[in-house]
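Breakdown of the fold
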Amino acid sequence: ATANLATEGLKTQPLWLHPFLLDPGKTQLRPWLKIRMPTFHFTETEASTIGAYFAAVDKVPYPFISTEIQTNPELMTVGAELFKTAKCADCHPTSNVIPPGKDPTDLAPNLTLASQRLRPEWVLQWLANPQKIFPGTKMPTFFDKYPASVFPQFGGDARKQIQAIRDHLFLNVAGGKRAAAPTVSTNE
């Protein structure tokens, strides 16, 4: 099997990709499968060059990026609702255990790694239209009427719904970091 590297620079966080390139067996995205990316024995410089290349192709910052999520309670609540409604955990386990009755080849990557591995802005694009990024992916397109949505939350605004799912995924499922609330200055 081959990996689709489309949007790899936009998709992965540089500080996750670099050690992964050095030792792909250390981080298992799908521990239930025996298929692994081969170890190429890259040097530190080679791994950095590859990471910089992916970022340059996708025109995204490298190597330092912010992965903090700026959100609010309403987004978090709606994100949890939509995560459950879309049955994300049916295909994306949140542990390294195969759910009962599931074929390991049908399972997608473990979502508990999302906040360490994925760039927050890529998740927004992915959820909006996974087929546009990886044609033929098993990931369903839940927002095929984008920017409208079949889901009622936020008046059917797919953009806000997708942000809500991403925020829930990064903070509640994957233990990511919440951005500090903006400070309000008073001119006294």
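See the structure above.
The structure reproduced in this document is the subject of the present report. (Residues numbered from 1 in each chain as written. Predicted model: local features only at pLDDT ≥ 70, side-chain atom pairs only at ≥ 80, totals over all residues. Heavy atoms only, no water.)

1. Comments concerning the overall build of the protein
Assigned secondary structure in the protein consists of 10 helices and 0 strands. Shown N-terminal to C-terminal, the secondary structure of the protein runs as helices and strands in the order α-α-α-α-α-α-α-α-α-α. Each principal axis of the C-alpha atoms in the protein carries an extent, and together these give about 55 × 55 × 30 Å. By the burial criterion, 40% of the 188 residues in the protein qualify as buried. (Helix = DSSP H or I, 4+ residues; strand = E, 2+ residues; numbered from the N terminus. Buried < 20%, exposed > 50% of the residue type's maximum accessible area, 1.4 Å probe, protein only.)

2. Things to note about the packing of aromatic side chains
Counted according to the given criterion, the structure contains 6 aromatic pairs. Summarising the aromatic geometry, the rings of Phe 40 and Phe 42 are spaced 5.4 Å apart at their centres and angled 35° between planes, so their arrangement reads as tilted. Ring centres of Trp 122 and Trp 126 lie 5.1 Å apart, and the angle between their planes is 15°; this geometry places the pair in the stacked category. Here Trp 126 and Trp 122 lie together in helix α7 (residues 120-128), a separation of 4 residues that amounts to about one turn. Neither residue differs from the other here; Trp 122 and Trp 126 are each classed as buried. Here the aromatic cluster, defined as three or more aromatic residues joined through ring pairs, consists of Trp 122, Trp 126 and Phe 134. The positively charged end of Arg 117 is found above the aromatic ring belonging to Trp 16, 5.5 Å away from the centroid. (Phe/Tyr/Trp six-rings, centres within 6.5 Å; stacked < 30°, edge-to-face > 60°. Lys NZ or Arg CZ within 6 Å of the ring centre and 35° of its normal.)

3. Some details on the packing of α7 against helix α10 (residues 158-173)
Where α7 contacts α10, the two axes come as close as 9 Å, and the packing angle between them is 130°. Here α7 lies oblique to α10, going by the angle between them. You can see that α7 and α10 cross each other, and the crossing is right-handed. Residues Pro 120, Glu 121, Val 123, Leu 124, Leu 127 and Ala 128 of α7 form the contact with α10, whose own contacting residues are Ile 162, Gln 163, Ile 165, Arg 166, Leu 169 and Phe 170. (Axes fitted to C-alpha atoms, helices over the stretch in contact; angles between N-to-C directions. Parallel < 35°, antiparallel > 145°, perpendicular 65-115°, else oblique. Left-handed = near helix turned anticlockwise from the far one by under 90°. Contact = heavy atoms within 4.5 Å.)

4. What to know about the environment of Val 60
By secondary structure assignment, the location of Val 60 is in the loop between α3 (44-57) and α4 (73-85). Expressed as a C-alpha distance, the spacing of Val 60 and Glu 81, which sit 21 residues apart in the sequence, is 31 Å. In this structure, Val 60 is in contact with Gly 9, Leu 10, Ala 55 and Arg 119, ignoring residues within four places of it in sequence.

5. A few points about the nonpolar core
Of all hydrophobic cores here, the largest spans 34 residues; its most connected members are Trp 122, Val 123, Trp 126, Leu 127, Leu 169 and Phe 170. Element by element, the count of residues in this core is highest for α10, at 8 residues. Setting aside anything within four residues of it in sequence, one finds Phe 170 in contact with Thr 67, Ile 69, Ala 114, Ser 115, Leu 118, Arg 119, Pro 120, Val 123, Gly 175 and Gly 176. (Core = buried A, V, L, I, M, F, W, Y, C linked by side-chain atoms within 4.5 Å.)

6. Things to note about α3
Taking 1.5 Å as the rise per residue, α3 with 14 residues should run 20 Å; its terminal C-alpha atoms sit 20 Å apart, in good agreement. Considered for burial, the residues of α3 that qualify are Ala 47, Gly 51, Phe 54 and Ala 55. All buried residues of α3 lie within an arc of 100° about the axis, which places them on one face of the element. Residues of α3 that are exposed and angled more than 90 degrees away from the buried face: Thr 45, Tyr 53 and Ala 56. The inward-facing, buried residues of α3 abut α1 (8-11) and α2 (14-22). (Expected span 1.5 Å × (residues − 1). Arc of directions from axis to C-beta.)

7. A few points about the packing of α2 against α3
Relative orientation of the contacting elements α2 and α3 amounts to 135°, with a least axis distance of 9 Å. Judged by the inter-axis angle, α2 sits oblique to α3. Viewed along their axes, α2 and α3 form a crossing whose handedness is right-handed. Residues Leu 17, His 18, Leu 21 and Leu 22 of α2 lie in contact with α3, whose contacting residues are Glu 44, Ala 47, Ser 48, Ile 50, Gly 51 and Phe 54. In the contact of α2 with α3, the residues fall into 6 nonpolar, 3 polar and 1 charged. (Nonpolar A, V, L, I, M, F, W, Y, C, P; charged D, E, K, R; others polar.)

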